[in-house]
Amino acid sequence: MSIEDRAKAAAKNVEGKVQEAWGNVTGDPQQKAEGQAKQAESEIRHTVEDVKDNIKDKLD
């Protein structure tokens, strides 16, 4: 996984955590759900890139 991809995934995770927290503070369930979705997207990105790295390592 490139450093740029890792940074983007990490930023998406932080964005999701902030949005979820904001949803909790304001009592807005939509904001909370969107924040959780962003965090899940970040986890998926990390998993996909980890798989790519593992395949690349095995081919090298």
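Because the structure is a prediction, the values reported are computed rather than measured. (Residues numbered from 1 in each chain as written. Predicted model: local features only at pLDDT ≥ 70, side-chain atom pairs only at ≥ 80, totals over all residues. Heavy atoms only, no water.)

(A) Geometry of helix α1 (residues 3-26). With 24 residues, α1 extends 34 Å between its outermost C-alpha atoms, agreeing within 8% with the 34 Å of an ideal straight helix rising 1.5 Å per residue. Where α1 is concerned, the buried positions are Ala9, Lys12, Gly16, Gln19, Glu20 and Gly23. Of the surrounding secondary structure, the elements contacted by the buried residues of α1 are α2 (29-59). One or two positions beyond α1, positive phi appears at glycine 27, with a value near 75 degrees. (Helix = DSSP H or I, 4+ residues; strand = E, 2+ residues; numbered from the N terminus. Expected span 1.5 Å × (residues − 1). Buried < 20%, exposed > 50% of the residue type's maximum accessible area, 1.4 Å probe, protein only. Contact = heavy atoms within 4.5 Å.)

(B) Representation of the environment of valine 25 within the structure. With respect to the helices and strands, the residue valine 25 is situated in helix α1. Valine 25 sits in the exposed class, given a relative accessible area of 67%. Between the alpha carbons of valine 25 and valine 51 there is a distance of 36 Å; along the sequence they are 26 residues apart.

(C) Representation of the packing of α1 against α2. Running from N to C, α1 and α2 cross one another at 160 degrees; their axes reach a closest spacing of 7 Å. By the angle between their directions, the pair α1 and α2 is classed as roughly antiparallel. When the axes of α1 and α2 are compared, the crossing they make is left-handed. Split by residue class, the contact of α1 with α2 holds 3 nonpolar, 11 polar and 15 charged. (Axes fitted to C-alpha atoms, helices over the stretch in contact; angles between N-to-C directions. Parallel < 35°, antiparallel > 145°, perpendicular 65-115°, else oblique. Left-handed = near helix turned anticlockwise from the far one by under 90°. Nonpolar A, V, L, I, M, F, W, Y, C, P; charged D, E, K, R; others polar.)

(D) A look at the side chain of glutamine 39. As for its position among the elements, glutamine 39 is in helix α2. With residues up to four places along the chain from it excluded, the contact list for glutamine 39 reads Asn13, Gly16, Lys17 and Glu20.

(E) View of a nonpolar patch on the surface. On the surface, a cluster of nonpolar side chains totalling about 310 Å² of accessible area is made up of Val51, Ile55 and Leu59. Along the chain, valine 51 falls in helix α2. Overall, the relative accessible area of 44% leaves valine 51 in the partly exposed class. (Patch = residues over 30% accessible without salt bridge, like charges linked within 9 Å, V, L, I, M, F, W, Y side chains within 5 Å. Areas by Shrake-Rupley, 256 points an atom, 1.4 Å probe, with all protein chains shown as cover. Salt bridge = Lys/Arg side-chain N within 4 Å of Asp/Glu carboxyl O.)

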